[in-house]
Amino acid sequence: MRAQADEEATARQRVEQAVRTLADRASGGLPAPWAQAVREAAVRGSQGLPEALDELTARAGLPPGKPPRPGWWPAAVLAQASMTLLQIVGGLWLVGQIVGFMAPNLGVPVLLMVAGIIGGPLVEWSCRMAAKGPARRYGVDAERRLREAAAGCGRARVLDPVAAELLRYREVREQYGRVVGVG
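Residues numbered from 1 in each chain as written. Predicted model: local features only at pLDDT ≥ 70, side-chain atom pairs only at ≥ 80, totals over all residues. Heavy atoms only, no water.

Within the secondary structure layout, S46 lies in helix 2 (residues 32-46). Using a relative accessible area of 17% as the deciding quantity, one classes S46 as buried. Separated by 2.8 Å, the side chain of S46 and the backbone oxygen of V43 make a polar contact. In contact with S46, other than residues within four places in its own chain, are V19, R157 and V158. (Helix = DSSP H or I, 4+ residues; strand = E, 2+ residues; numbered from the N terminus. Buried < 20%, exposed > 50% of the residue type's maximum accessible area, 1.4 Å probe, protein only. Polar contact = N/O pair within 3.5 Å; in protein donor to acceptor, adjacent residues only side chain to side chain. Contact = heavy atoms within 4.5 Å.)

Before going further, it helps to spend a moment on the pattern of salt bridges. What the rule picks out here adds up to seven salt bridges. Put simply, E143 and R147 hold a salt bridge, and the shortest N to O gap is 2.9 Å. Here the residue E143 and the residue R147 both occupy positions in helix 5 (residues 107-182), the gap between them amounting to four residues, near one helical turn. Assessed through its relative accessible area of 57%, R147 is described here as exposed. A salt bridge links R170 to E174, with the shortest nitrogen-to-oxygen separation between them at 3.3 Å. (Salt bridge = Lys/Arg side-chain N within 4 Å of Asp/Glu carboxyl O.)

By size, the foremost hydrophobic cluster in this structure holds 16 residues, and its most contacted members are A42, L49, L53 and C153. Elements with a contribution of two residues or more to this core: helix 1 (2-27), helix 2, helix 3 (49-60) and helix 5. Here the element with the most residues in this core is helix 5; it accounts for five residues. In this structure, L49 is in contact with V15, V19, C153, G154, R157 and V158, ignoring residues within four places of it in sequence. (Core = buried A, V, L, I, M, F, W, Y, C linked by side-chain atoms within 4.5 Å.)

Moving on, we come to helix 2. For helix 2, built from 15 residues, the straight-helix expectation of 21 Å at 1.5 Å per residue is met to within 8% by its first-to-last C-alpha distance of 21 Å. If you check which residues of helix 2 are buried, you get A35, A37, V38, A41, A42, G45 and S46. Just past helix 2, the residue G48 takes up positive phi, approximately 85°. (Expected span 1.5 Å × (residues − 1).)

A word on the environment of G48. Mapped onto the elements of the fold, G48 is located in the loop between helix 2 and helix 3. With 109 residues separating them along the chain, G48 and R157 place their C-alpha atoms 9.2 Å apart.

Turning our attention to the environment of Q36. Looking at where Q36 falls in the secondary structure, it is placed in helix 2. Residue class for Q36 comes out partly exposed when judged on its relative accessible area of 38%. The spatial distance from the C-alpha of Q36 to the C-alpha of A26 is 11 Å, given a sequence separation of 10 residues.

So this is what it looks like as structure tokens:
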């Protein structure tokens, strides 16, 4: 829990630092009052930005619903269940021989149990290998959606107000140039 709180604090600090850096770069070379206006626009836009990003993460992080199950999933479940059944049948067969209910013959029940014991992990390993590609694509898609949502949020809350302030400065400067040029 403490590590998560530290990560959140670090993430918030990174957001604040990125906004400060953006404001400093955008206001570079501007007269002091305009530079201050640009910085204030960035700060106003950044207020609540970490919370908005947290909300976006919750909403846009994962695609709706569960990840789709691959077509081979029922066969894998059946194979895994078969491996478990082989172990159970082999174990019951051995118990039946120990109790004296069945004629002694260790070969077949031991072979069934060994097949189940080795086959179960093999099925699990092959399922893991088969699922890696789709899982990676699912993760990449989720990351892409998160990045797009975060970029849109940052653009709307910080970049657009800063750009609007810079545009106002340019318009005032052009108007001033016209007035000074005319006079």
